[in-house]
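So the chains spell out like this:
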Amino acid sequence: MVEPLKALVDEAASRLAGNTRRTYLEPSSRLAELAGDGTSVHLKLENLQVSGSFKARGALNKISMVAAKAPSCTPVLASTGNHAMACSWAANRLHLACEVYVPQNVSEAKLTALRHEKQLTIHIGGADCIDAERAARNASDDGQGRPYISPYNDIDVICGQGTIGKEILEDLPDVDIILVSVGGGGLISGIAAYVKETKPSVKVIGCQPAASQVMAQSIAVGEIRDFPQTETLSDGTAGGIEEGSVTFNYCNKYVDDWIMVSEETIVKSVRFMAEHHSQLVEGAAGVAVGAFVDQPQRFAGQSVAIVICGGRLGLDTLRRVIA
């Protein structure tokens, strides 16, 4: 059983209105041509979202709800990327301080970016991401008004992300299929729940790098498990899933199918977005585009929306991609 989310997503949309961007649905004739006549493809450009990714939606929805009950709270989280930037932006919007725990192995580039966020206090939380998350959760339990903000295992965060599904249905009412990149599952849980509760005929397909497909593999075996992973350009979707995460049940109920994407195709798709749409997108966005590029005939004659989840691509990575 999963909790219906449509009404909660509608409430989230009201909170976000005038704060986050209602991002463009840009037509892609180049992608549509791959599938043939009668196919239309639109790109939901969340790389143009405030903070650089879709995560601003969930962060602002969650932190604004927490702040309504505790106006002087200090949100606490663990992240080295989009979640940290989104929570920092949301906290600043609400005139709050924010604390982030990062692992010792965080890249200097990411650390430098976080240091530019003036209201953000940075703590080193151990050797790796698991240690950092544990440290953040421990800090949030100290009774001093420091709520922990999960990147995906939280209904309020999920509902914020679900506003993307609401916007797609409103702006592209004839949509048949939505392609969504998946890591911990917060983005696709919100989108799929809203879409399936509103227009069940629309198919929602989860897209993961072949190098890190933990959610799809967990769904296949009926429970969250650890699975072997290798390095991927899609670092935003890489990693395991928190035990007991609410996203598992939403993915299990609402996601129609899964597509795994090779590293070669992810790179090619990031390059495609730069060359044909003048859009800088991160590896995770390349996963959803790559799912279409790999199997265009699967989508022939249908209206397809692809969620371009973020645009935070480091210069070193960009150089490798376009080389």
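Up top is the structure these notes are about.
Residues numbered from 1 in each chain as written. Predicted model: local features only at pLDDT ≥ 70, side-chain atom pairs only at ≥ 80, totals over all residues. Heavy atoms only, no water.

A. View of the sheet that holds strand β8 (residues 257-261). The six strands are arranged β1-β2-β9-β6-β7-β8 in an open sheet whose pairing can be described as mixed. Edge positions in the sheet fall to β1 (25-27) and β8, since each has one partner strand and no second. Here the strands of the sheet are splayed against their neighbours by 25° on average, with no regard to which way each runs. Note: strand β6 (residues 177-181) against strand β7 (residues 203-209), five bridges, orientation parallel. Among the inter-strand pairings, isoleucine 177 is bridged to a residue of β7, identified as lysine 203. (Pairing = 2+ DSSP bridges. Helix = DSSP H or I, 4+ residues; strand = E, 2+ residues; numbered from the N terminus. Axes fitted to C-alpha atoms, helices over the stretch in contact; angles between N-to-C directions.)

B. Molecular detail of the side chain of serine 245. Along the polypeptide, serine 245 turns up in the loop between α9 (214-221) and α10 (247-254). Dropping the residues within four chain positions of it, serine 245 is found in contact with Tyr152, Asn153, Gly184 and Ile224. (Contact = heavy atoms within 4.5 Å.)

C. Local environment of the packing of aromatic side chains. This model, assessed by the stated rule, comprises two aromatic pairs. Ring geometry for tyrosine 250 against tyrosine 254: centres 6.3 Å apart, planes inclined by 25°, an arrangement best described as stacked. One end of the pair is tyrosine 250 and the other is tyrosine 254, both in helix α10 and four residues apart, which spans about a single turn. The class for tyrosine 250 is buried, based on a relative accessible area of 3%. Look at tyrosine 254 and you get buried, because its relative accessible area is 10%. Ring plane angle 15° and centroid distance 5.1 Å describe the contact between phenylalanine 292 and phenylalanine 299, whose orientation is recorded as stacked. Overall, the relative accessible area of 0% leaves phenylalanine 299 in the buried class. (Phe/Tyr/Trp six-rings, centres within 6.5 Å; stacked < 30°, edge-to-face > 60°. Buried < 20%, exposed > 50% of the residue type's maximum accessible area, 1.4 Å probe, protein only.)

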